[in-house]
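# A closer look at the structure
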Amino acid sequence: TSKFGPGVAILYGTFVSLTLSILYTRQQDIQNTVATESSLLVSVLRNMLHLFSKDPDLAVEAGQCVADHSRTLVRGSRGSELMLIM
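Residues numbered from 1 in each chain as written. Predicted model: local features only at pLDDT ≥ 70, side-chain atom pairs only at ≥ 80, totals over all residues. Heavy atoms only, no water.

What follows is about the overall build of the protein chain. From N to C terminus, the protein chain includes three helices and zero strands. In sequence order, the protein chain lays out its α and β elements as α-α-α. Taken over 86 residues, the protein chain has a buried fraction of 9%. Only carbon and sulfur atoms are counted for the fraction: they give 66% of the accessible area of the protein chain, which is about 7100 Å². (Helix = DSSP H or I, 4+ residues; strand = E, 2+ residues; numbered from the N terminus. Buried < 20%, exposed > 50% of the residue type's maximum accessible area, 1.4 Å probe, protein only. Areas by Shrake-Rupley, 256 points an atom, 1.4 Å probe, with all protein chains shown as cover.)

Turning our attention to the environment of Leu-49. Relative to the helices and strands, Leu-49 resides in helix 1 (residues 5-51). C-alpha of Leu-49 to C-alpha of Glu-61: the two residues are twelve residues apart in sequence and 9.9 Å apart in space.

Before going further, it helps to spend a moment on the confidence of the model for the protein chain. For the protein chain, per-residue confidence averages 83 on the pLDDT scale, and 85% of positions sit at 70 or higher. When mean pLDDT is compared element by element in the protein chain, helix 1 scores highest at 89, while helix 3 (residues 78-85) scores lowest at 57. (pLDDT = per-residue confidence, 0-100.)

Set out below in structure tokens:
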């Protein structure tokens, strides 16, 4: 076992390093996607509020749709969405 110990340690270290690198890259991709989607949601909300500025009821309903979507992103389906992103 003393002959195989250093080789196994190097192999294990390489495996851990590659795994952490892949996970870090996935986390960065997810963060970039979330930042992009957040900015797009803000743009959509601003446009919807501008379009419905003369009808407050429609503006509230449009804002509620965006809020519901945001809530779904944060709480409802993060696991399945993250799997789709990966």
